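One-letter residues, chain by chain:
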Number of protein chains: 2
Amino acid sequence: MGKIDWKPGNMLYPLPAVMVSAGDSPENFNIITIAWTGTICSDPPMCYISVRPGRHSYDLIKRTGEFVVNLTTRDLTFATDWCGVRSGRNFNKFEKMELTPGKAKVVKAPIIDEAPVNIECRVTEIKPLGTHHMFLAEVVNVKADEQYYDSKTGAFALKKSKPVAYLHGKYYELGKKIGKFGYAVEKKKTKRKRKQKQQKLKNKE
Amino acid sequence: MGKIDWKPGNMLYPLPAVMVSAGDSPENFNIITIAWTGTICSDPPMCYISVRPGRHSYDLIKRTGEFVVNLTTRDLTFATDWCGVRSGRNFNKFEKMELTPGKAKVVKAPIIDEAPVNIECRVTEIKPLGTHHMFLAEVVNVKADEQYYDSKTGAFALKKSKPVAYLHGKYYELGKKIGKFGYAVEKKKTKRKRKQKQQKLKNKE
């Protein structure tokens, strides 16, 4: 397979494109769209967002030490994109995009009510790296839309919210399911079990 | 919209599920699958992987200070899943999954030849967080499969490689394109331009 060498760059995809909400009173509530985000630790649950220091939300998050990661969906993609290119210095993004600032459980920052999942975060460290500074944060609460929650099984059908993936400058819906975590070894187990069963049957014959 | 409060946890999705290759000689080459990964800085280009200290690759990456992030595809999903649940202590994962260790340009760690993109990384810091330690790293080279590269336009059709997204324990193909970065404001520009044109025509009448 032929490979070309590129200059070092950011080609790690697909990524989430989340709307991060911040602020500590309705007058300064803001939203910034971020793809440089992810989970950094399972326990304690921690995630990060990387933000350019020049962005309006940078100072807001630095001062309050809090933000909410709001997962986005097909229906929220227009607002997600818009909030990523417009500045909170010039617009009230909640009003402009007709999004509802809701009350978080632990942090003062607002949640975006229309998002299927709201991850409330408290900053533990700010790490200057270059164009971006990384906000490392602990997850202090998760709110989830009950319409995707099955109270009988405890399962949360996140896929039904029509989540969106960001790939090299474009937004995509998710498509066909390929498998679930661990399916590669489950299959082998099944194969082995089938063989064992066949062996048992043979022994009986 | 009704929301339920969950205990703090990891619900930031969709994420990439990448195969990270490491080692400095063929006898110790290994692969570990990682979803706790992402871009943390645009310039210098930096990414991270979070790894449990008990994992076989942890010591390997710590000692060599290098790893390669290999993007995965529909055809690589079985190997991706398998490498995520098996240990390099018990298996030669390249051999078992019939993957080809290729030569990176800058680092000693192998690339996975079958992956459409290989991101060569050099560790800048290891940050213990809890169950996971975060390896912050600088991207020192990117290799890309030339079959997705258009030498005329310089465009790289990553979508054609059939990338995979990891969502809350399941692997999905990407589906329909919703838009490209900035489309929310492009549309408005077009609308305004259309109005301006109509105004010009009116003035002429």
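These numbers come from a predicted model, not from an experiment.

Rules used throughout
Residues numbered from 1 in each chain as written. Chains lettered and ligands numbered in written order. Predicted model: local features only at pLDDT ≥ 70, side-chain atom pairs only at ≥ 80, totals over all residues. pLDDT = per-residue confidence, 0-100. Pairing = 2+ DSSP bridges. Helix = DSSP H or I, 4+ residues; strand = E, 2+ residues; numbered from the N terminus. Core = buried A, V, L, I, M, F, W, Y, C linked by C-beta atoms within 7 Å. Buried ≥ 20, exposed ≤ 12 C-beta atoms within 10 Å, placed from the backbone. Contact = placed C-beta atoms within 7 Å.

Draft legend 1. Layout of the confidence of the model for chain A. The pLDDT averaged across chain A works out to 93; a share of 90% of its residues lies at or above 70. Of the two predicted TM-score estimates for the complex, the pTM is 0.90 and the ipTM is 0.90.

Draft legend 2. Quick look at the pairing of strand β12 (residues 164-167) of chain A. All names here are of chain A. As defined by bridge partners, strand β2 (residues 15-16) adjoins β12 across 2 bridges and the pair is classed as antiparallel. Each bridged residue has a counterpart across the sheet, and for Pro16 the counterpart in β12 is Ala165. Bridging between β12 and strand β13 (residues 170-180) involves 4 bridges; their strand directions are antiparallel. The residue of β13 that forms the bridge with Ala165 is Tyr172. Hairpin connection from β12 to β13: 2 residues lie between these consecutive antiparallel strands, with His168 at a positive phi of about 50°.

Draft legend 3. Focus on the nonpolar core. Ranked by size, the top nonpolar core spans 120 residues in total, and within it Val20 of chain A together with Val20 of chain B carry the most contacts. Beyond its immediate chain neighbours, meaning those up to four positions away, Val20 of chain B contacts Ile31, Ile32, Ile34, Ile49, Ser57, Phe67, Val68 and Val69 of chain B.

Draft legend 4. Molecular detail of unusual backbone geometry. That bond from Tyr13 of chain B to Pro14 of chain B is cis: its omega, -5°, falls within 30 degrees of zero. Tracing the sequence through the fold places Pro14 of chain B in the loop between β1 (3-6) and β2 (15-16). Look at the link from Asp43 of chain B to Pro44 of chain B: it is a cis peptide, with omega at 0°. Residue position: Pro44 of chain B is located in the loop between β5 (37-41) and β6 (46-51). Located in the positive-phi region is Lys162 of chain A, a residue other than glycine, with phi close to 60°. Considering the arrangement of structural elements, one finds Lys162 of chain A in the loop between β11 (133-145) and β12.

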